[in-house]
Amino acid sequence: MRLFIAGHKGMVGSALVRRFQADKGVELILKDRSQLDLCDKNQVFDFYRETQPDAVIVAAAKVGGIMANNTYPAEFLYQNLAIALNTIEGAYRSGVKRLLFLGSSCIYPKLAPQPMREDCLLTGPLEQTNEAYAVAKIAALKLCQYYRKQYGVLFHSAMPTNLYGPGDNYHPDYSHVLPALISKFHAAKEKGLRSVILWGTGTPRREFLHVDDLADACVFLLGIENPPDWVNVGVGEDVTIRKLAEMVAKTVGYQGEIEWDATKPDGTPRKLMDVTRLKIAGWHYRIPLDEGIQKTYQNYLEEKASGLLRT
Ligand code: GFB
């Protein structure tokens, strides 16, 4: 199988490359941003025509944490829509047999019943801080569903919960919470600071999945003959941000105080995935959160030491 992984340099794409590199039956097709701009329709259509992949995983996206989403909604909506339109239509035109699109748990309504089942999509208003990103991901999921329905192609989606792992982005303002906590606590430990300021109230609950588990779930989903149009990928358990902060501080070895800046947004109060569907199909995550945080802190130290830390 000739597999195109769109976005192979990102945290999710890199995990997919690590997972598929060991597979002798898969030939990977990889293009970085300087070789292929996924927002450029002509470039993407030409690429597909020339390379003719058998299968595609769309892991490319403009991503960021609560602050990035809230500050750059136009870029999040435009770029994520463009990536979806080009990668999906281009794949259809060039005869790609199978496409897996990766979305996000923020597609579900802000106040959806918890845990959130796949069928709560479009039943209520979205969380404001990431509405732009969510709208683009919902459009992409629907594109796959409608292409499958109208054209008979096997295009489908997976909706992972909050991800973390090697190759994450550690930007001080625009990263997601888990990498932000690692870098804040590490810096505080190094400088001997007595307190660290975190955002919001610490009461929102989030679910975290190690990106290697997501890659494993993608392999699993691509092996299913008749996959659901979209399926939740998560662990089925969540923690408060306060609890997460305590876990990360312990792993990093930071022993000072934690303060909360309630002028910063909390975002959605809770977004726990109902993972029954994937569990029944036979997939379960492997990496528990405490182990995943330890591994990721090691990755952070290595990436920092080698000058490869993304910020
Ligand atoms: O991971 P995060 O940025 O995004 O923030 P979301 C999660 C929670 O952690 C929020 C709190 O309640 C933040 O207020 N938090 C505390 C912090 N301290 C910090 C900090 O230093 N940095 C960050 N970033 N957060 C994202 C969406 O939502 O989830 C994306 O914006 C995407 O679209 C992603 O869906 C999975 O979990 O709120």
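No experiment lies behind these values; they were computed from the predicted model shown.

What counts, and where the lines are drawn
Residues numbered from 1 in each chain as written. Predicted model: local features only at pLDDT ≥ 70, side-chain atom pairs only at ≥ 80, totals over all residues. Heavy atoms only, no water. Phe/Tyr/Trp six-rings, centres within 6.5 Å; stacked < 30°, edge-to-face > 60°. Buried < 20%, exposed > 50% of the residue type's maximum accessible area, 1.4 Å probe, protein only. Axes fitted to C-alpha atoms, helices over the stretch in contact; angles between N-to-C directions. Helix = DSSP H or I, 4+ residues; strand = E, 2+ residues; numbered from the N terminus. Parallel < 35°, antiparallel > 145°, perpendicular 65-115°, else oblique. Left-handed = near helix turned anticlockwise from the far one by under 90°. Contact = heavy atoms within 4.5 Å. Nonpolar A, V, L, I, M, F, W, Y, C, P; charged D, E, K, R; others polar. Near = heavy atom within 4 Å. Polar contact = N/O pair within 3.5 Å; in protein donor to acceptor, adjacent residues only side chain to side chain. Areas by Shrake-Rupley, 256 points an atom, 1.4 Å probe, with all protein chains shown as cover.

Visitor: Lay out the packing of aromatic side chains with the relevant residues and their values.
Guide: For any pair of aromatic rings, the description rests on two quantities: the centre-to-centre distance and the angle between the ring planes. Inspection of every chain in the model, using the stated rule, returns twelve aromatic pairs. When the centroid spacing of 5.5 Å and the interplanar angle of 55° are considered together, the rings of Phe47 and Tyr48 count as tilted. Across this residue pair, the class does not change: Phe47 and Tyr48 are buried.

Visitor: How would you explain the packing of helix α8 (residues 241-252) against helix α10 (residues 289-305) if you had to name every residue and give the values?
Guide: At a minimum axis separation of 10 Å, α8 and α10 run at an interaxial angle of 50°. Taken together, the axis directions place α8 and α10 in an arrangement best described as oblique. Note on packing geometry: the crossing formed by α8 with α10 is right-handed. Across the interface between the two elements, Leu244, Met247, Val248, Thr251 and Val252 of α8 pack against Leu289, Asp290, Ile293, Gln294 and Tyr297 of α10. Within the contact of α8 with α10, the residues separate by chemical class into seven nonpolar, two polar and one charged.

Visitor: An account of the site of the ligand is requested, with residue identities and associated values reported.
Guide: Taken together, 22 residues are adjacent to the ligand, and Ile66, Lys184, Arg206, Pro265 and Asp266 come closest. At 2.9 Å from an oxygen atom of the ligand is found a side-chain nitrogen or oxygen belonging to Asn162. Relative to its unbound accessible area of 700 Å², the ligand is 97% covered by the protein chains. Among the elements of the structure, α3 (66-71), α6 (177-191) and β7 (195-199) are those that each provide at least two residues to the shell around the ligand. Per-element tally for the shell around the ligand: the top contributor is α6, with three residues. Its residues placed into classes, the shell around the ligand shows ten nonpolar, eight polar and four charged.

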